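Letter by letter, the chains look like this.
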Amino acid sequence: MLRIAIPNKGSLSEPATAMLHEAGYRQRTSGKELVITDEENGVEFFHLRPRDIAVYVGSGKLDIGITGRDLLMDCAAPAEEVLPLGFSRSVFRFAADPGTASSVEDLRGMTIATSYPTVVAKHLSDHGVDASVVRLEGAVETSLQLGVAQAIADVVETGATLRHLGLVTFGDPIMESEGVVVRPAGAKSNEAAQRFLRRLQSVRVARTYVMIDYDIRAEDVEAAVKFTPGLESPTVSPLHRAGWVAVRAMVEADRAQQIMDQLEDVGAHAILATRIHACRV
Ligand SMILES: Nc1ncnc2c1ncn2[C@@H]1O[C@H](COP(=O)(O)OP(=O)(O)OP(=O)(O)O)[C@@H](O)[C@H]1O
Ligand SMILES: O=P(O)(O)OC[C@H]1O[C@H](OP(=O)(O)OP(=O)(O)O)[C@H](O)[C@@H]1O
Ligand SMILES: [Mg+2]
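Every value quoted in this text rests on a predicted model; they were computed, and no experiment measured them.

Some details on the site of ligand 1
The full set close to ligand 1 counts 15 residues, and Gly10, Ser11, Gly68, Ser90 and Glu157 are the nearest of them. Looking at side-chain class alone, the shell around ligand 1 contains 4 nonpolar, 7 polar and 4 charged residues. Residue-level mapping places the shell around ligand 1 at the junction of two domains, with at least three residues from each of domain 1 (2-82 + 179-188) and domain 2 (91-176).

Below you can see the structure in the form of structure tokens.
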């Protein structure tokens with residue numbers, strides 16, 4: 001059985017579970033189930049704290065984990081990212097009261113509060129900045145008001161928390177993160193692990209593309225397929241109505257509306273965009 005760690009709570013939990021469900025794996029029905037066996041797929045899921053996942057995987061106790069790239073970096077366990085998953089995206093940044101600092105160099109001699117002390121210490125040392133790092137579990141922004149630190153380094157998703165407190169970010173982003181699949185560093189590839197990765201990859205592709213179908217006069221098809229070249233080549237089939245064809249091709253979901261406008265302009269009719277539930281390409 002493939003033993004896989006998945007986040008039991010927090011920002012990663014719900015999107016990770018949704019992706020695994022789409023990939024055809026049985027998921028827990030109650031938040032209290034900590035270990036789930038999916039006999040049919042030969043997989044056992046362990047619901048663990050996101051911060052602990054790379055530690056378990058790095059120690060070799062579990063074969064695979066889903067966690068955040070920033071959490072992986074912060075725990076410094078011998079685990080490595082093998083597949084980015086595209087959800088729980090965030091940017092990790094310095095922030096402070098306006099006027100405190102404008103670059104990482106300005107932090108020399110200051111105290112920085114963060115829940116990711118390893119990531120911050122490495123960034124400071126990479127920039128040759130000598131500063132203190134205080135580790136806090138959460139609500140890191142409040143440490144400024146309470147005088148525990150002069151600056152913070154924290155996850156910024158929408159920026160609403162910082163705006164609410166009148167804080168500003170400064171310096172280059174420390175890192176960009178998203179949900180990732182991790183394996184023990186240097187782990188040998190095996191068929192079960194590869195199959196799991198292929199399934200998740202197929203969900204990513206299915207989410208990235210939509211299927212576009214349209215009807216068009218045969219003489220206009222060359223103009224239209226320029227906008228819908230497909231992954232290999234679009235499917236063009238004859239229609240019962242003489243002189244007309246139907247075209248089918250995958251396009252990037254975030255460009256679908258723009259492409260539909262272009263297809264209309266070259267004479268396409270009955271243009272449909274359909275979500276792809278699963279795919280192997
Ligand atoms: N708004 C956000 N707040 C916190 N983490 C976020 C956010 N958006 C994305 N993430 C990512 O989620 C992971 C952190 O998840 P984690 O469960 O440890 O913290 P959390 O979602 O803040 O939950 P909690 O604060 O309840 O522990 C990191 O990889 C982080 O980059
Ligand atoms: O940019 P935003 O969309 O405002 O999101 C970022 C905020 O969300 C997280 O806090 P969380 O709510 O997880 O509380 P915590 O600090 O206790 O972890 C993070 O630590 C920031 O404070
Ligand atoms: Mg949090």
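That was the structure; now back to the text.
Considering the pairing of strand β15 (residues 269-275)
In terms of residue burial, β15 counts as a barely covered element, since only 0 of its 7 residues are buried. Relative to β15, strand β12 (residues 209-217) runs antiparallel, the two being bridged by 5 bridges. Across the sheet, aspartate 213 pairs through a bridge with leucine 272, a residue of β15.

Here's the deal with the site of ligand 2
Neighbouring residues of ligand 2: Gly138, Ala139, Val140, Glu141, Asp154, Val155, Val156, Glu157, Thr158, Gly159, Ala160 and Thr161. Where the shell around ligand 2 is concerned, the elements lending two or more residues are β9 (151-156) and α6 (160-165). A total of 3 residues in the shell around ligand 2 trace back to one element, the largest contributor, which is β9.

Quick word on the UniProt feature "domain: ATP phosphoribosyltransferase catalytic" (unreviewed entry) in the protein
UniProt records the feature "domain: ATP phosphoribosyltransferase catalytic" (unreviewed entry) at residues 49-201, using the numbering of this structure. In residues 49-201, the share of helix is 31% and the share of strand is 31%. The end C-alpha atoms are 24 Å apart.

A closer look at the sheet that holds strand β2 (residues 35-38)
Note: strands within a sheet are paired through backbone hydrogen bonds, in either parallel or antiparallel orientation. Taken in spatial order, the 6 strands of this open sheet run β2-β3-β1-β4-β11-β5, and their pairing is mixed. The outermost strands of the open sheet, each flanked by one partner alone, are β2 and β5 (79-84). On average, each strand axis in the sheet is tilted by 30 degrees relative to the strand beside it, whichever way the strands run. Sheet contacts for helix α2 (residues 50-58): β1 (2-7), β3 (43-48), β4 (64-68), β5 and β11 (179-184); angle to β4, the most-contacted strand, approximately 145 degrees. Strand contacts of helix α7 (residues 191-208): β1, β4, β5 and β11, with the helix running at about 40 degrees to β5, the strand carrying the most contacts.

Things to note about the UniProt feature "domain: Histidine biosynthesis HisG C-terminal" (unreviewed entry) in the protein
UniProt feature "domain: Histidine biosynthesis HisG C-terminal" (unreviewed entry): in the numbering of this structure it lies at residues 206-277. Taken end to end, residues 206-277 has its terminal C-alpha atoms 6 Å apart, with 25% of it in helix and 40% in strand.

A short note on the sheet that holds β9
The mixed open sheet is built from 5 strands, whose spatial order is β8-β7-β9-β6-β10. One side of each edge strand has no neighbouring strand; the edge strands of this open sheet are β8 (132-135) and β10 (168-177). Strand-to-strand twist of the sheet, defined as the mean angle between neighbouring strand axes without regard to direction, takes the value 25 degrees. Examined bridge by bridge, strand β7 (residues 111-114) and β8 share 4 bridges and lie parallel to one another. Along β8, the bridge assignment pairs isoleucine 112 with valine 133.

Digging into unusual backbone geometry
Phi is positive for alanine 76, which is not a glycine, with a value near 55 degrees. Among the secondary structure elements, alanine 76 is positioned in the loop between α3 (69-75) and β5. Overall, the presence of 13 C-beta atoms within 10 Å leaves alanine 76 in the partly exposed class. In this model, alanine 270 sits at a positive phi of 45 degrees, which is unusual for a non-glycine residue. Structurally, alanine 270 can be placed in strand β15.

Considering α2
Along α2, 7 of the 9 residues are buried, which leaves the element largely enclosed by surrounding structure. Restricting attention to buried positions, one finds in α2 the residues Pro50, Ile53, Ala54, Val55, Tyr56, Val57 and Gly58. Two residues or fewer after α2 comes glycine 60, characterised by a positive phi angle close to 85 degrees.

What about helix α1 (residues 13-22)?
Within α1, burial applies to Ala16, Met19 and Leu20. Seen from one end, α1 has its buried residues packed into an arc of 100 degrees, which puts them on one side. Buried residues belonging to α1 abut β1, β4, β11 and α7. Looking one or two residues past α1, glycine 24 carries a phi angle of roughly 90 degrees, positive in sign.

The rules we used
- Residues numbered from 1 in each chain as written.
- Chains lettered and ligands numbered in written order.
- Predicted model: local features only at pLDDT ≥ 70, side-chain atom pairs only at ≥ 80, totals over all residues.
- Near = placed C-beta within 6 Å.
- Nonpolar A, V, L, I, M, F, W, Y, C, P; charged D, E, K, R; others polar.
- Domains from an automatic or database assignment.
- Buried ≥ 20, exposed ≤ 12 C-beta atoms within 10 Å, placed from the backbone.
- Helix = DSSP H or I, 4+ residues; strand = E, 2+ residues; numbered from the N terminus.
- Pairing = 2+ DSSP bridges.
- UniProt positions renumbered as here; feature names shortened; annotations may be inferred.
- Axes fitted to C-alpha atoms, helices over the stretch in contact; angles between N-to-C directions.
- Contact = placed C-beta atoms within 7 Å.
- Arc of directions from axis to C-beta.

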